[in-house]
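# Working through the structure, step by step
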Amino acid sequence: MRTSATTSLFLLSVYLVRANPIETSYKASCEVCHPTKEGYTNVHLIPHTHDDVGWLKTVDQYFYGQRPDIQKAAVQIIIDSVVDELSKHPDRRFIYVETAFLKQWWDIQNDERRAKMRTLIEKGQLELISGAWSMHDEAVTHYHSIIDQFTLGFGTIDQMFDGLSCAKPKIGWQIDPFGHARETASILAQMGFDGLFFARLDHQDRARRIRDKEMEFVWRASESLGNASSIFTQAFYKHYSAPSGYCFDLVHCNDQPINENPNSGDYNVPNRVNSFMEFVNSQKDTYQTEHMLVTMGDDFTYQQAASWFDNIDRLIKHVNAEQKNGSMINLLYSTPSCYLQAVHRADKVWKTKSDDLFPYADGDHSFWTGYYTSRPTLKYMERRGNNLLQVCKQLSVLAELKQEKWEDLDSLREAMGVMQHHDAITGTEKQHVADDYAKMLYKGMLDCGATAAKAINKLSAKITEAPNVNYESCLLLNVSQCEISESNEKFVVTLYNPLAQEASTYVRLPVQNFKYTVSQGTVPIATQMLKIPDHVLRVPYRISTAVQELVFKAIIPPLGFQTFYVTKTAEESAVPAPVEGDGKFAIQGNLIQANVDPNTGLFESLYSKQNGLKYTGLSQNFYYYLGSNGNMESSQSSGAYIFRPNGNATVINATPEIATFKGELVQEIHQKFSDWVSQIIRVYADNEFVEFEWMIGPIPAELLVNPGKEVVTRYSAQDLVTNGIFYTDSNGRGSIERKRDYRPTWDLDLKEEIAGNYFPVTTFITTKNETEMTVLIDRAQGGTSLQDGTLELMLHRRLLFDDGRGVGEALNEKYEDPNSGASQGMIARGRHLFSFAPISEALSTTATAKARRWSRDNMILAPWAFFAPTDLSDSQWLENYEVLYQGINNKVPENVNILTLEPTKGGEEVLVRFEHFYEPNDDPALSANSLVPIYNLTKRFGTDKMIEEMSLGANRRLAEVSRLQFRMDGAEAEKERNIAPVIDAGDSILLQPMEIRTFVVKNNSGTARFSVLSLVFLLLIAIAFPGQMN
Ligand SMILES: [Zn+2]
């Protein structure tokens, strides 16, 4: 095994700079806010544009303004126009949000235009808000990718403005996403943000909050992290548009501009002033302070910024002129930061909130719970994109690729940033935009794969003349297609493990009907052949000669790889035949046995070999809802955003055909429910869970004859009394309790009993009493528990009507045959991991923690396979290449995850994030604080490096982060817990439950501080946490 030979000699050369965040406010030169007037209603006018990173048009079409027939929107022109208009008057303000577009604009400007923008930022006229690559959706995104796309946006801004502190975003601006996640709030707080603003919340929640003056609150986003994850949050009164009648956009609106020429026949100042004052008076009492935030803009507004700014100039002048007549309304140009500072100065005590804001409904029959599942194949591709991105980033660091190839990471980094957008991963974009996203992601994956291949070559070459290996990824393994494994006599599979722990996985290679040997070094290992199921062989766009899969088990070292050598023998092998007789109703491994009912062929029970218990009364089956296209109660259709079923679900087939295949490594029951619904129930030899690999589609649907359908899978356990309670994850991190027909913060009046009980599931859903039933998923899906003891997940949707939320297309994804032009509905295939186990006594890990871990190991950060054909024999291969590589010593504690390891700043710096993977009550041992000996991880970076701790977004030194602190409601505040002061020990850092700490490894500037006391702490901690030190 190849590990770096260096020891802890470098210990003293690694300096740790650590200080707790300062909690006082400071004023930078750019924070020049217009004065407010005490005793007046101060109306903070926020000029803004909401620029979707793809929706009705592609990203590039929006930037360059192409396809004006679809939407008159050109972001390039917007930014140009705003820069010019801001420069005309120092009072004017504007905010800009989407860094993907800002970067595109920046790249085509000359130095003069760039300097002009920089000056506007320095003077506080232009404020960059949020600063992520796109405005991410909050329901279906994973925290890994959310943090990544903020890091990308922040890094890009730093690069554009040379780290200018005024350019660093301080406000979360999630104005359009369709509901809001607790984990997102927590992440924004940890980025160092002062506050969070949004527009969309459930209409009943909004009415209640307006009534009780609770549109502002402090969101306590993590029990574990306390204040570090609390953030001041404000919901807008209605939407993010300008007040009705005051949209001054020449392209999008027809509202009257202000004519202030008293000699003109159309002079309209009194009318325009009075109705604006009426608007202010109608809303001002909703808020707790004498400050009111009013958004002046909308989607893609400000293409002719002059009309906005000229009119807002006049509005401010004339409304404020009324003060001499006794008006108590004071208008000012403002930004969310200036507004928030004013609110903060009011020093109020704020109500708190600790649940989330899902699901979102904008009407009694309009629950935005369909998009949790819409476009399941794009959602899956995005999740694979993250998996590969982490692999490439890590390998770039481990192989020290520096300037050579690291830039190729950017295409996938950017594609993943775009995918997080609230009309990308959500599936709420037009079809041609979805196609463009897929293309962008595919290109990113190819580029990233090329970088990874380069890194593996560098890390594995034993001798300088070792020939370059052309490693490729097989991106269609989910339909058992891989050109390299199918058509070569000899090939290698190199599996890279992005986890900081050893990984164990079963590899499946699509192959022809021959015998194969797989060797580790030159030693053959155990393999098994499996028949590729008929339903996969029939997939119309599958181009493959493979008829069977070659299966073997691989153990891969942390941040390391292992190469397996595969040879096709001359001997043909018959495709494995199904088992006959009673044996076909049960499949088993070393830990569990899963059984189907001999009468129905449906899953019915599970036997645990570990505790000897058999769980009967289990079941799983597929159902569909017919999508509504409106009825007497409401004209609302089911569509890309909205789920509105027409009645209860219908079972697709209660007695599927089955065929069972058995071997030493894996056993499978293939089920056929219909021509468009099939499944494999699978048990691997050493896994504790049952896999359900479903395949849905083409869903039959034809206009007028055959309504659109939404297909679900339902797992149930008889007699599991759960009192309507179940749990889902939040962006793949903490878990949130859900209760059927209930919302924690208002009295729910539920008119859609199915759609209104759907919640976003990013990685798992679970329910329990004495036993717990958990389902892990491989992409985001909508999920619920409509009856006690059941878990339901929506897998696929094909609908024929638009749901009236702007996209203007039905969600009807099709595959078109390139030859015949014939089309049929899109097929989706995916995996669920199912677990059913007793909640045993104190010494066990909670179901949610186990689910998070399984999800991480099997779905999110699964080992990635790189394939390459070869002419070398296995012994020749060994002469040329290392076949086993471990990137770090196996010293990362079991409860710690390396969340990030990536090169930044042209490979000059390395970004590392450590994450404590458990919540305080997850596990008696693993929930303990953990010490990470970071010299083990950083020694490779050399003696002249230092480590500096950063805020979560990696754009501010943690020591320099200052956040506005807001006082919280008394009773809640008493319970408030601050995470204890961090004790670091020289060469180690301490992680507390659910904590993420972010570091950059950079050149030592000579100013690093080193605590002599740290050695003392090291001894103390060694006593307190003996299990964590080795
Ligand atoms: Zn939007």
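Quick notes on the rules
Residues numbered from 1 in each chain as written. Predicted model: local features only at pLDDT ≥ 70, side-chain atom pairs only at ≥ 80, totals over all residues. Heavy atoms only, no water. Helix = DSSP H or I, 4+ residues; strand = E, 2+ residues; numbered from the N terminus. Rg over C-alpha atoms; globule rule 2.2 N^0.38 Å. Buried < 20%, exposed > 50% of the residue type's maximum accessible area, 1.4 Å probe, protein only. Contact = heavy atoms within 4.5 Å. Areas by Shrake-Rupley, 256 points an atom, 1.4 Å probe, with all protein chains shown as cover. Axes fitted to C-alpha atoms, helices over the stretch in contact; angles between N-to-C directions. Parallel < 35°, antiparallel > 145°, perpendicular 65-115°, else oblique. Nonpolar A, V, L, I, M, F, W, Y, C, P; charged D, E, K, R; others polar. Pairing = 2+ DSSP bridges. Donors = N, O, S within 2.8 Å, 3.2 Å for Na, K, Ca; no water. Salt bridge = Lys/Arg side-chain N within 4 Å of Asp/Glu carboxyl O. Disulfide = S-S within 2.5 Å. Patch = residues over 30% accessible without salt bridge, like charges linked within 9 Å, V, L, I, M, F, W, Y side chains within 5 Å. Core = buried A, V, L, I, M, F, W, Y, C linked by side-chain atoms within 4.5 Å. Expected span 1.5 Å × (residues − 1). Phe/Tyr/Trp six-rings, centres within 6.5 Å; stacked < 30°, edge-to-face > 60°. Lys NZ or Arg CZ within 6 Å of the ring centre and 35° of its normal. pLDDT = per-residue confidence, 0-100.

As a further point, take the overall build of the chain. When helices and strands are counted, the chain shows 20 helices and 52 strands. Taking 2.2 N^0.38 as the reference for a compact globule, 1030 residues should give roughly 31 Å; the C-alpha atoms of the chain span a radius of gyration of 29 Å, in line with that estimate. Here the C-alpha coordinates of the chain stretch approximately 100 × 75 × 55 Å along the principal axes. The burial tally for the chain puts 62% of its 1030 residues in the buried class. For the chain, long-range pairs separated by at least 24 residues make up 76% of all intrachain contacts whose partners lie at least 6 apart in sequence. Accessible area for the chain stands at about 36900 Å²; split by element, carbon and sulfur atoms hold 49% of it.

Moving on: helix α6 (residues 182-190). Of all nine residues that make up α6, nine are buried, and the element is covered over most of its length. For α6, the set of buried residues is Arg182, Glu183, Thr184, Ala185, Ser186, Ile187, Leu188, Ala189 and Gln190.

Relative orientation of the contacting elements helix α2 (residues 75-88) and helix α3 (residues 99-106) amounts to 75°, with a least axis distance of 10 Å. Considering the angle they form, α2 stands roughly perpendicular to α3. Across the interface between the two elements, Val75, Gln76, Ile79, Asp80 and Val83 of α2 pack against Phe101, Leu102 and Trp105 of α3. Of the residues in the contact of α2 with α3, the class split is six nonpolar, one polar and one charged.

Spatially, the nine strands line up as an open sheet ordered β29-β30-β31-β32-β43-β38-β37-β34-β35, and their pairing is antiparallel. Looking along the sheet, the strands with just one partner apiece sit at the ends: β29 (657-661) and β35 (735-739). Averaged over all pairs of adjacent strands, the angle between strand axes in this sheet comes to 20°, irrespective of strand direction. One ladder, built from seven bridges, connects strand β38 (residues 771-777) with strand β43 (residues 828-838); its direction is antiparallel. Along β43, the bridge assignment pairs threonine 771 with proline 838. Contacting β35, β37 (764-768), β38 and β43, helix α16 (residues 847-860) runs over the sheet at an angle of about 25° to β38.

By definition of the ideal shapes, four donors in a tetrahedron about a metal sit 109.5 degrees apart, and six donors in an octahedron sit 90 or 180 degrees apart. Binding of the zinc ion to the protein goes through His50 (NE2), Asp52 (OD), Asp176 (OD) and His422 (NE2), at separations of 2.0 to 2.1 Å. Coordination of the zinc ion draws on donor residues from a single chain, spaced H-x1-D-x123-D-x245-H in sequence. With aspartate 176 in the loop between β5 (171-173) and α6 and histidine 422 in the loop between α12 (409-419) and α13 (431-460), this pair connects stretches of sequence that are 246 residues apart.

This part takes up the environment of proline 645. Tracing the backbone shows proline 645 in the loop between β27 (618-626) and β28 (650-651). For the pair proline 645 and methionine 950, spaced 305 residues apart in sequence, the C-alpha separation works out to 47 Å. Residues contacting proline 645, with those up to four places away along its chain left out, are Tyr625, Leu626, Ser628, Glu752, Ile754 and Ala755.

The subject of this paragraph is the pattern of salt bridges. If you walk through the whole model with that rule in mind, you get 64 salt bridges. A salt bridge links aspartate 107 to lysine 103, with the shortest nitrogen-to-oxygen separation between them at 2.9 Å. Using a relative accessible area of 45% as the deciding quantity, one classes aspartate 107 as partly exposed. Linking lysine 393 and glutamate 902 is a salt bridge whose minimum nitrogen-to-oxygen distance equals 3.3 Å. In this pair, lysine 393 is assigned in helix α11 (residues 376-398) and glutamate 902 in strand β46 (residues 896-904), connecting sequence segments 509 residues apart. Taken individually, lysine 393 and glutamate 902 each receive the classification buried, so the pair is uniform in this respect. A single network of salt bridges, built from pairs that share partners, joins Arg508, Glu549, Glu668, Arg682, Glu691, Glu693, Arg829 and Arg831.

Mapped onto the secondary structure, asparagine 386 falls in helix α11. Beyond its immediate sequence surroundings of up to four residues, asparagine 386 is in contact with His144, Ser145, Asp148, Met416 and Ile860.

Moving on to unusual backbone geometry. In most cases, non-glycine residues show a negative phi, while peptide bonds are predominantly trans. Of note, the bond from phenylalanine 358 into proline 359 is cis; its omega dihedral lies within 30 degrees of zero at -10°. By secondary structure assignment, the location of proline 359 is in the loop between β12 (352-353) and β13 (361-363). Even without being a glycine, arginine 67 presents a positive backbone phi close to 50°. Within the element layout of this structure, arginine 67 appears in the loop between α1 (59-64) and α2. Notably, aspartate 741 is not glycine yet its phi reads approximately 55°, a positive angle.

For the rest of this paragraph, the subject is the packing of helix α8 (residues 269-283) against helix α9 (residues 305-321). Interhelical geometry of α8 versus α9 gives an angle of 80° and a closest axis separation of 10 Å. Judged by the angle between their axes, α8 and α9 are roughly perpendicular. Together, Val269, Val273, Phe276 and Met277 of α8 and Leu315, His318 and Val319 of α9 make up the contact between the two elements. Split into classes, the residues belonging to the contact of α8 with α9 amount to six nonpolar, one polar and no charged.

Attention now moves to the sheet that holds strand β36 (residues 759-761). If you trace the six strands from one edge of the open sheet to the other, you get β28-β27-β33-β40-β39-β36, paired in antiparallel fashion. Each edge of the open sheet is held by one strand with a lone partner, namely β28 and β36. Note: strand β39 (residues 781-784) against strand β40 (residues 790-798), two bridges, orientation antiparallel. Across the sheet, threonine 784 pairs through a bridge with glutamate 792, a residue of β40.

Our focus in this paragraph is the state of the cysteines. Summed over all chains, the structure comprises five disulfides. Covalently, cysteine 247 is tied to cysteine 253 through a disulfide, its sulfur atoms 1.9 Å apart. Between cysteine 247 and cysteine 253, the disulfide has an S-S torsion of 65° and is therefore right-handed. The exposure class assigned to cysteine 247 is buried, which follows from its relative accessible area of 9%.

On to a nonpolar patch on the surface. A cluster of nonpolar side chains, Tyr442, Leu446 and Leu475, forms an exposed patch at the surface whose accessible area comes to about 270 Å². Here leucine 475 is to be found in the loop between β15 (472-473) and α14 (483-487). Look at leucine 475 and you get partly exposed, because its relative accessible area is 33%.

Counting residues in each nonpolar core, the largest one holds 169 residues, and the members touching the most others are Met117, Phe161, Met296, Tyr302 and Phe914. For this core, the element with the most residues is α13, which contributes 11 residues. Those residues within four positions of methionine 296 in sequence are excluded, and the remaining contacts are Leu45, Ile46, Pro47, His48, Ala242, Pro243, Tyr246, Phe248, Tyr302, Trp308 and Ile312. Within the second largest apolar cluster, 28 residues are counted, among which are Phe585, Tyr615, Val761 and Leu791.

Taking 1.5 Å per residue, 17 residues should reach 24 Å; α9 reaches 24 Å between its end C-alpha atoms and fits that length. Among all positions in α9, only Ala305, Ser307, Trp308, Phe309, Asn311, Ile312, Leu315, Ile316, His318, Val319 and Asn320 are buried.

With that out of the way, let us pick up the packing of aromatic side chains. Under the defined criterion, the tally for this structure stands at 49 aromatic pairs. The ring of tyrosine 727 has lysine 768 lying over it, and the distance from NZ or CZ to the ring centre is 4.9 Å.

Counted residue by residue, strand β7 (residues 216-220) has five buried out of five residues, so it is predominantly covered. Strand direction decides the pairing type here: β7 and strand β8 (residues 230-235), joined by five bridges, are antiparallel. Each bridged residue has a counterpart across the sheet, and for glutamate 216 the counterpart in β8 is glutamine 234. Sheet analysis places β7 next to β12, joined by two bridges and oriented parallel. The residue bridging tryptophan 219 from the neighbouring strand is lysine 353, located in β12.

Our focus in this paragraph is the confidence of the model for the chain. Considering every residue of the chain, the mean pLDDT works out to 90; 91% of them sit at 70 or more. This stretch, residues 1-26, has a pLDDT under 50; its non-local contacts, to residues over four places away or in other chains, come to 67 contacts. Taken together, the stretch residues 1006-1030 has pLDDT below 50 and engages in 34 contacts with residues farther than four places along the chain or on a different chain.

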